[in-house]
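# Coordinates in review
Here are the chains, one letter per residue:
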Amino acid sequence: MPLGARLLAALLALSLAGCEGVELPGVKPAVQAGAQAPGGAPARSVPPKPPTQIAVAGVVVAAPEGYCIDTRARKGNFVLLAACSAISQSPEHPAPGRMGLLSATVGKRGSADTALNPDQLAAYFRSAAGRATLSYAGDAATVTITGAEARDGVFYLALLDRAAPPQPELGPARWRALFTVNGRLVSVILHSLKEDPISREGGMALISRFATRIRAASAG
């Protein structure tokens, strides 16, 4: 199975388990529409590009450049995003320069009745109880917090998790962002891939763009 298809299957499994992600190409090139496939087989047309945004409970989840919404993996208020080319299995569609696995979860109505307190959040996630909630194994000892900051109403967290991931394609680095939109708490996550890791700075930049896109799209 091509790498893109294998990762997409892994991400679908993650979404059903309540986890999150995104994805990579490495797929077989699509045959151009109207062209003759090798061996005289009928040519395969380019599939439609997946959507780049979706409305979820009053919040518009808008993808960063190169990413699209995987509508097949939608589960309630959980949305999975992958490289557009990986979802469609077509190199005709875009992909980010450095790929990770993205997801967004929109909270229930009233989940953001009070403003986020960055100091309390940072203290909680640095505590044993908070790190245990971040660990794949539920073990605080596997998690190291590498960054925690608040900017423009968004709380960002960077971490390394040494526990075995639910899918072997995932690396130890993850980033989270928490913010409020239209009275709802929104949590977004970026997973780095084991074979193509994202730098700490790159991860923070990508998840910041993701949060900014969601807030801007939801404001209108």
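Below is a short write-up of the structure. (Residues numbered from 1 in each chain as written. Predicted model: local features only at pLDDT ≥ 70, side-chain atom pairs only at ≥ 80, totals over all residues. Heavy atoms only, no water.)

## Examining the pairing of strand 4 (residues 78-83)
Among the six residues in strand 4, six count as buried, and that is most of the element. Examined bridge by bridge, strand 3 (residues 67-69) and strand 4 share three bridges and lie antiparallel to one another. If you follow Y67 over to strand 4, its bridge partner there is A83. Pairing of strand 4 with strand 5 (residues 100-106) involves four bridges; the strand directions are antiparallel. Looking at strand 5, one finds that L81 is bridged to L102. (Buried < 20%, exposed > 50% of the residue type's maximum accessible area, 1.4 Å probe, protein only. Helix = DSSP H or I, 4+ residues; strand = E, 2+ residues; numbered from the N terminus. Pairing = 2+ DSSP bridges.)

## With respect to the environment of S187
Along the chain, S187 falls in strand 9 (residues 184-193). We classify S187 as buried; its relative accessible area is 16%. Once the C-alpha coordinates of S187 and A211 are considered, the two residues, 24 residues apart in sequence, prove to be 9.0 Å apart. With sequence-adjacent residues up to four places away left out, S187 is seen in contact with S103, A104, T105, R176, A177 and L178. (Contact = heavy atoms within 4.5 Å.)

## So, the sheet that holds strand 9
Taken in spatial order, the seven strands of this open sheet run 3-4-5-9-8-7-6, and their pairing is antiparallel. Two strands lie at the open edges of the sheet, namely strand 3 and strand 6 (143-151), each paired on one side alone. Ignoring strand direction, the axes of neighbouring strands in this sheet form an average angle of 20°. (Axes fitted to C-alpha atoms, helices over the stretch in contact; angles between N-to-C directions.)

## Let's talk about the pairing of strand 8 (residues 170-181)
Buried residues dominate strand 8, accounting for nine of its 12 residues. Pairing geometry for strand 7 (residues 154-161) and strand 8, over six bridges, is antiparallel. Following the sheet pairing, L160 is matched in strand 8 by A173. The pairing of strand 8 with strand 9 spans nine bridges and is antiparallel. Each bridged residue has a counterpart across the sheet, and for F179 the counterpart in strand 9 is V186. A loop of two residues connects strand 8 with strand 9, the two strands running antiparallel in sequence, and N182 in this loop sits at a positive phi of about 50°.

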